[in-house]
Amino acid sequence: MATHPRKEQTQPMWHRPGTRMSEEEYHELERLSPSSKYEYINGIAYMMSGGSVAHDRIAYNARVALDLRFRSLPCSVFGADVQVFLALKKNGKPHFVYPDVTVSCDIADSRSDNTLIESPRVIVEVLSPSTETKDRGTKFRAYQNQETIQEIVLVSQFAQYVEVWQRNEQDPDNPKEWLYRHYGPGDTVDLVSIDVHIEVAEFYQGLVFDDEED
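All of the points below concern the structure found in this document. (Residues numbered from 1 in each chain as written. Predicted model: local features only at pLDDT ≥ 70, side-chain atom pairs only at ≥ 80, totals over all residues. Heavy atoms only, no water.)

1. Digging into the overall build of the protein
A count of helical and extended segments in the protein gives 6 helices and 13 strands. Looking at the 214 residues of the protein, the share that counts as buried comes to 43%. Put simply, of all contacts in the protein between residues at least 6 apart along the chain, 55% involve residues at least 24 apart. When the accessible surface of the protein is summed, it comes to about 12,300 Å², and 50% of that surface belongs to carbon and sulfur atoms. (Helix = DSSP H or I, 4+ residues; strand = E, 2+ residues; numbered from the N terminus. Buried < 20%, exposed > 50% of the residue type's maximum accessible area, 1.4 Å probe, protein only. Contact = heavy atoms within 4.5 Å. Areas by Shrake-Rupley, 256 points an atom, 1.4 Å probe, with all protein chains shown as cover.)

Okay, structure coming up:
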């Protein structure tokens, strides 16, 4: 029997996703776990999990459709590997997230050595059963509180259904007011803030749903 038994190494409580931590602790968690991605919302780190075939395909289709509209500036399109910074809250806590697709029209965000998007204009999230509550709740409110974001797009992965929230620019005295639109099969999604129009079918290209098989 060993005279000096090895003591089991345990992670500090703040290393564990789902627990409250400071911004410094969050960045330390990222540094210690380079193979994993964590979002930081309201002082809590959320570990991001893998997605389904539908989720991956829709996110890819959305990025391609947007990228084709911006082969040249003024706007650039980024995928889920690029981190987005959301402005400080009143309590001083920032948010760090990984949207499925981000559009920025700020030239500073397009620098080749950039690792953090600070002026997102349009956000696209593909809804998953494990993330929909967060995407419609705490994360959604963080998006609304980011002054540079003009439109938030939520895309279902189980049916051809796209929802868009657009900041009401017609009422500058009420910047917290958002207009809501939803689209189904055969419709065209209008992203007014970037003057882009995408057919709903483009989001779902390459996918077959069960009812279509029947």
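2. A few points about the nonpolar core
Among the nonpolar cores identified, the biggest contains 30 residues, and Leu66, Val162, Leu191, Ile194 and Tyr204 are the most heavily contacted of them. With 6 residues, helix 2 (residues 53-69) is the largest single contributor of residues to this core. Residues in contact with leucine 191, not counting those within four places in the same chain, are Leu66, Val122, Glu151, Val153, Val164 and Val196. One finds Leu86, Leu154, Trp165 and Trp178 within the second-largest nonpolar core, a separate group that totals 16 residues. (Core = buried A, V, L, I, M, F, W, Y, C linked by side-chain atoms within 4.5 Å.)

3. Focus: the sheet that holds strand 9 (residues 151-155)
Taken together, the 6 strands give an open sheet; going across it, the order is 3-6-8-9-10-11, and neighbouring strands pair in mixed fashion. Pairing within the sheet leaves two strands with one partner each, and these edge strands are strand 3 (76-78) and strand 11 (178-183). For this sheet, the mean angle separating the axes of adjacent strands, direction not counted, is 15 degrees. Pairing of strand 8 (residues 120-126) with strand 9, which is carried by 5 bridges, proceeds in the parallel orientation. Looking at the pairing, valine 126 lines up with valine 155 of strand 9. Against the sheet, helix 4 (residues 138-145) contacts strand 8, strand 9, strand 10 (162-167) and strand 11, and its axis sits at roughly 155 degrees relative to strand 9. (Pairing = 2+ DSSP bridges. Axes fitted to C-alpha atoms, helices over the stretch in contact; angles between N-to-C directions.)

4. Points about a nonpolar patch on the surface
On the surface, Tyr60, Val64 and Leu68 cluster together into a nonpolar patch covering about 280 Å² of accessible area. Mapped onto the secondary structure, leucine 68 falls in helix 2. (Patch = residues over 30% accessible without salt bridge, like charges linked within 9 Å, V, L, I, M, F, W, Y side chains within 5 Å. Salt bridge = Lys/Arg side-chain N within 4 Å of Asp/Glu carboxyl O.)

5. Here's the deal with the packing of aromatic side chains
Evaluation of the coordinates by the stated rule reveals 6 aromatic pairs. Taken together, a centroid distance of 5.7 Å and an interplanar angle of 20 degrees make the contact between tyrosine 26 and phenylalanine 96 stacked. In this pair, tyrosine 26 sits in helix 1 (residues 23-32) while phenylalanine 96 sits in strand 5 (residues 95-97), placing the two residues 70 residues apart along the sequence. For tyrosine 26, a relative accessible area of 0% translates into the label buried. For phenylalanine 96, a relative accessible area of 4% gives the class buried. Grouping aromatic residues by their ring pairs yields a cluster made of Tyr26, Tyr40, Phe85 and Phe96. (Phe/Tyr/Trp six-rings, centres within 6.5 Å; stacked < 30°, edge-to-face > 60°.)

6. With respect to the environment of tyrosine 40
Along the polypeptide, tyrosine 40 turns up in strand 1 (residues 38-41). Relative accessible area serves as the criterion here: at 1%, tyrosine 40 is assigned to the buried category. Separated by 58 residues in the primary sequence, tyrosine 40 and tyrosine 98 place their C-alpha atoms 9.5 Å from one another. Apart from the residues within four sequence positions on either side, tyrosine 40 is in contact with Met21, Ser22, Glu23, Tyr26, Ala45, Pro94, His95 and Phe96.

7. Points about the side chain of serine 76
The residue serine 76 is located in strand 3 in this model. Of the polar contacts made by the side chain of serine 76, one reaches the side chain of serine 110; its length is 2.7 Å. (Polar contact = N/O pair within 3.5 Å; in protein donor to acceptor, adjacent residues only side chain to side chain.)

8. Digging into the state of the cysteines
For the coordinates displayed, the defined rule picks out 1 disulfide. Paired by a disulfide, cysteine 75 and cysteine 105 hold their sulfur atoms 1.9 Å apart. On the sign convention where negative is left-handed, the bridge of cysteine 75 and cysteine 105, at about 90 degrees about the S-S bond, is right-handed. Note that cysteine 75 is positioned in the loop between helix 2 and strand 3 and cysteine 105 in the loop between strand 6 (101-104) and strand 7 (116-117), a separation of 30 residues in sequence. Accessibility assignment for this pair places cysteine 75 and cysteine 105 in one class, buried. (Disulfide = S-S within 2.5 Å.)

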